[in-house]
Every structure is written in C-alpha cells, then in structure tokens.
Amino acid sequence: MKSQLKKEISFFGALSTVMGTVIGAGVFFKAAAVVQQTQSTGLTLLVWLLAGFLTICGGLTVAELATAIPETGGPIRYIERIYGKLPSFLLGWAQSIIYFPANVAALSIIFATQCLNLFHLPSNYLLPLSILTGTSVTLINLLGTKAAAQVQSVTLAVKLIPIAVIIVAGLMTPGQVSVSLVDFSSNTQGSLAAGISSALLATLFAYDGWMGVGNVAGEMKRPEKDLPKAIIFGLSFVTLVYVLINVAFLKTLPIDQIAGNLNSASETAMALFGSFGGKLVTIGILISVYGALNGYTMTGLRVPYAMALEDEIPFSKTFATLSKTTNAPYAAAFLQLGIACIMMLLGTFDLLTDMLVFVMWFFSVLLFVGVFRLRKTEPQMKRPYKVPFYPIIPLVAILGGCFILIMTLITDTWLAVVGIGVTLLGIPVFYGKAKGKARGAKE
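Residues numbered from 1 in each chain as written. Predicted model: local features only at pLDDT ≥ 70, side-chain atom pairs only at ≥ 80, totals over all residues. Heavy atoms only, no water.

(A) Region of the structure containing the overall build of the chain. When helices and strands are counted, the chain shows 19 helices and 0 strands. A total of 443 residues make up the chain; the buried ones form 55% of that total. When contacts within the chain are restricted to residue pairs at least 6 apart in sequence, long-range pairs at least 24 apart make up 82% of them. A total accessible area of about 18900 Å² is found for the chain, and carbon and sulfur atoms account for 67% of it. (Helix = DSSP H or I, 4+ residues; strand = E, 2+ residues; numbered from the N terminus. Buried < 20%, exposed > 50% of the residue type's maximum accessible area, 1.4 Å probe, protein only. Contact = heavy atoms within 4.5 Å. Areas by Shrake-Rupley, 256 points an atom, 1.4 Å probe, with all protein chains shown as cover.)

Have a look at this one:
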C-alpha cells in the first residue's frame, strides 16, 4: 500500500483536509453543553478559544511524528514505533470499540433529534430514527468507497453554508441579548475549575479529528513545510469560526434557552430568518451532520479491517474479507454499526461524545510525550519538520491533556472508568490472539 501512495497533496489540499475533518456536528450542538457548564457568555467564548489553542498545540506536536513516520495507519503506527505493539493495539481497539462507534451513535442521535424538531415528530421516534440513520450511512459505505466519497464531497461543500449564514446574520443583526467578552461571572453550581473542564471536554468534540490530519503526510508534496502551515491556518480558522458562531448564538438567544438545548442552532436560525428560512438552514445543518456521520463511518470501518489484515483481532479472516461486488469490508462495517446501535440504546449525544473524547485524549497525551521520547531514543531520525518553540508547545499540549483527563476523573469518574475499562479489555484479547498465533505457528 505504501508503494502506491503518491505525493499529490498540495498545501490547499492539506488545508481542506484539516478543515473538512474537524468541522462537523459539534459546531452546532456542543454550545448547549458548554453554556450549561459555564452559564456565562465570557466563559463560554473563553472555553472555545482555549480548546482551539490546545488543539493547535496538539496538532503541531503530532505533526512532527507524522512527517517523521509518514505511514498508513497514522497514530497507530506512531504509537507502535514509540511504545510497542500492545499500546498500538489498544489504540486500534479503543478506536474500534469506543471511538468510531460512539461517533456514529452520537451523530445518528443528533441527526434524528433535529429531524424530530424540524418535522414535529413525537419523541418516541428518536431511537428508531437514530438506528435507521446509522444504518443508511453504513449501507452507502457498503456500496463502495466511490459512493461514500461522493457523499462526503457534496456534504463538505454544503456544511459551510449554514455556518456562514448564521455567523453573518448573527453578527449583523442587532442582538436580543447583550454579549460581554469580559464577563466571566457564572451562575453554575460547583467549582469553576470543574465547570471549565467539563465545558472543555464538550468543546473538544467539536475540534475532534485533528489527530488524523497527519495521515496525509506521506502523500503531501512538501510535508515539512505545508503540513504545519495547514494545521496552524486550518485550526486557527476553525477556532475563529467556532467563536463567531457562538457569538451569534449568544446574541440571538438568552443563555437559559441555549443551556442543555440541542435545538439551539435551529432555534437561532428560526429567530434570525423566520420559520421558512430557519427550516432551510436547519436542513443545511442536517446535511452537515450526515456528512460528518458518513466521514466517521467511512474511516472507522477501516480500523478493524486494517487490524484484521495483520491478524491482530479475533475472527481476523472474517473481518479482512471484502465484498466481491463493491470491495467494501462488510464484516467490519456491521461490527461498527452493531456497537453503535447498542450505544444508541444506552447513551445520549453528550454522554457518548464525552466518553470518546476522554479515551482519545489519553492516547493523544501518549503521542505528545512520544515526541520527547523519540528525540531521546532516536536522535538521528530524519525529521523533515520539528515542532516550533520546542519544548514549550508539546508541554502545553501535555499539560492541557492531563488537565482534561484529571478533571474528568474527578468530575465524571464513572465515565472515565468505563472508557478505561473497555480499553483495558483489549489486553487479554491481545495476548490471547498472540498465543493463538504462536500455537498455530508451532503446528
């Protein structure tokens, strides 16, 4: 596979990859959770800025690994190079069992929620519609990569329209609510640190996807120059967009109408454009969510498939099998959909996204630390790009990641424990598979 990769991606190709991967559903729906935690306009905007800053630091740090190890598999290959097979397997395991299914489940729930709101359907339709949504995207991906890629291309172009429309109209229209950038007073119960950490966890779902931007390093014409620029400009633009759209939300609706309200984006559109215009914007939001769901489905089902090719998981022969007609990894697709449906039965949008953010930030911190470790163990390694302002930026990324992990352990202990427990379940699977392979080799 590596011999087939061509260096065809320019700076603008990398930039669109960064923005297209990161901008998804969180921009519209995480405002509800953030405002509920902060109860303050100033704190809300500060948290979005802080999350963007941490994301940029993390992206710049991992970019050093991406340009030094431009291999298919991205973060899994970096972890394997630095820490060995077991941690690498656990990352792939966590992505297969938690990260991608939770994304599919969460986005299916939010798509169904918006459909119920748009068409005024009864709430008991939520679960069946969520499962139907996730299933429809999986079926599209079973038609082959070309069909899934076409859906992704269309939705990528459409997703920026409702964002731009809400920002422009929200900033130009006289606000019903006064927005203060320096008012950090909060009516939330509990400690300020706990509220900010919970809000950060919510915003980081909206920034999720940055860890995968290094996957294109091996196909870039000038990764040493273009990749860090794509990360800086791409994530900086995303941060600006997120802050501006939240200003529009906060100007248009009172805080108590945003807090905990997953329909706040569509209600903002209704307030700005009236009933008909608001519905058109809501349809644009639905297309954006569907595109994000398609993107996670398309990339997610390839993780167990890739692990099966290396015979790293049980039933590898089955999961490595492709459809004879569409060349799609159907067993991996149904595994992901099955886990996602179980998650839909058990959790809500915010619960699922908080769980996946916690688990992925654990591995992200390992990657940040890995930059220091690799510089010590392999000082002669060719590094086309080195993280700027070393060691400050990697240390900021590590400290920010550790803050998120520690505060989640304190404030949402059971959420963290479940994420850790499911990840650690991969250890007996890893050693059981290793023993089976050793036994087969002897025979």
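From this point, things continue past the structure.
(B) Representation of the nonpolar core within the structure. Counting 129 residues, the largest nonpolar core has Leu107 and Tyr242 as its most contacted members. Per element, the largest residue contribution to this core is 18 residues, and it comes from helix α6 (residues 85–119). Excluding residues that lie within four positions of it along the chain, Leu107 makes contacts with Ala25, Phe205, Val289, Ala292, Leu293 and Tyr296. (Core = buried A, V, L, I, M, F, W, Y, C linked by side-chain atoms within 4.5 Å.)

(C) Here's a closer look at the pattern of salt bridges. Applying the stated rule across the entire model yields 5 salt bridges. One salt bridge in this structure joins Glu80 and Arg77, with 2.7 Å as the shortest N-O distance. Of this pair, Glu80 and Arg77 both sit in helix α5 (residues 75–83), 3 residues apart, which is roughly one turn of the helix. The partly exposed category is assigned to Glu80, whose relative accessible area is 23%. A salt bridge links Glu80 to Lys85, with the nearest nitrogen and oxygen atoms 3.2 Å apart. Given a relative accessible area of 45%, Lys85 falls into the partly exposed group. (Salt bridge = Lys/Arg side-chain N within 4 Å of Asp/Glu carboxyl O.)

(D) Geometry of the packing of helix α16 (residues 349–377) against helix α18 (residues 413–424). The contact between α16 and α18 brings their axes to 9 Å, and the two run at 60°. One finds that α16 runs oblique with respect to α18. Judged by the twist between their axes, the crossing of α16 over α18 is right-handed. Side by side, α16 and α18 meet where Leu351, Asp354, Met355, Phe358, Val359 and Phe363 of the first sit next to Trp414, Leu415, Ala416, Val418, Gly419, Ile420 and Thr423 of the second. In terms of residue class, the contact of α16 with α18 is made up of 10 nonpolar, 2 polar and 1 charged. (Axes fitted to C-alpha atoms, helices over the stretch in contact; angles between N-to-C directions. Parallel < 35°, antiparallel > 145°, perpendicular 65-115°, else oblique. Left-handed = near helix turned anticlockwise from the far one by under 90°. Nonpolar A, V, L, I, M, F, W, Y, C, P; charged D, E, K, R; others polar.)

(E) Representation of a nonpolar patch on the surface. Where nonpolar side chains cluster on the molecular surface, the patch consists of Ile406, Leu409, Ile410, Ile420 and Leu424 and spans about 440 Å² of accessible area. Listing elements by their share of the nonpolar patch, those giving two or more residues are α17 (392–411) and α18. The element best represented in the nonpolar patch is α17, accounting for 3 residues. Secondary-structure assignment places Leu409 in helix α17. (Patch = residues over 30% accessible without salt bridge, like charges linked within 9 Å, V, L, I, M, F, W, Y side chains within 5 Å.)

(F) Representation of the packing of α17 against α18 within the structure. In the contact formed by α17 and α18, the axes pass within 5 Å of each other and the chain directions differ by 115°. Across the interface between the two elements, Thr408, Leu409, Ile410 and Thr411 of α17 pack against Thr413, Leu415, Ala416 and Ile420 of α18. The class makeup of the residues in the contact of α17 with α18 is 5 nonpolar, 3 polar and no charged.

(G) Seen up close, helix α12 (residues 264–300). Between its first and last C-alpha atoms α12 spans 29 Å; for 37 residues at 1.5 Å apiece the expected length is 54 Å, and the helix comes up short by more than 12%. Roughly 130° is the biggest bend found in α12, and it falls at Gly274. (Expected span 1.5 Å × (residues − 1). Bend = angle between axes of the 7 residues up to and from the residue.)

(H) Local environment of the packing of aromatic side chains. Taken as a whole and assessed by the stated rule, the structure comprises 14 aromatic pairs. In this structure an aromatic cluster arises from ring pairing among Phe89, Trp93, Phe430 and Tyr431. Over the aromatic face of Tyr390 sits the side chain of Arg375, whose NZ or CZ is 3.7 Å from the ring centroid. (Phe/Tyr/Trp six-rings, centres within 6.5 Å; stacked < 30°, edge-to-face > 60°. Lys NZ or Arg CZ within 6 Å of the ring centre and 35° of its normal.)

(I) How the structure looks around the confidence of the model for the chain. When pLDDT is averaged along the chain, the result is 83, and 90% of the positions lie at 70 or above. Mean pLDDT values over the elements of the chain span from 74, in helix α1 (residues 11–22), up to 93, in helix α7 (residues 126–142). Within the model, pLDDT remains below 50 along residues 1–5, and this stretch shows 5 contacts once partners closer than five positions in the same chain are excluded. (pLDDT = per-residue confidence, 0-100.)

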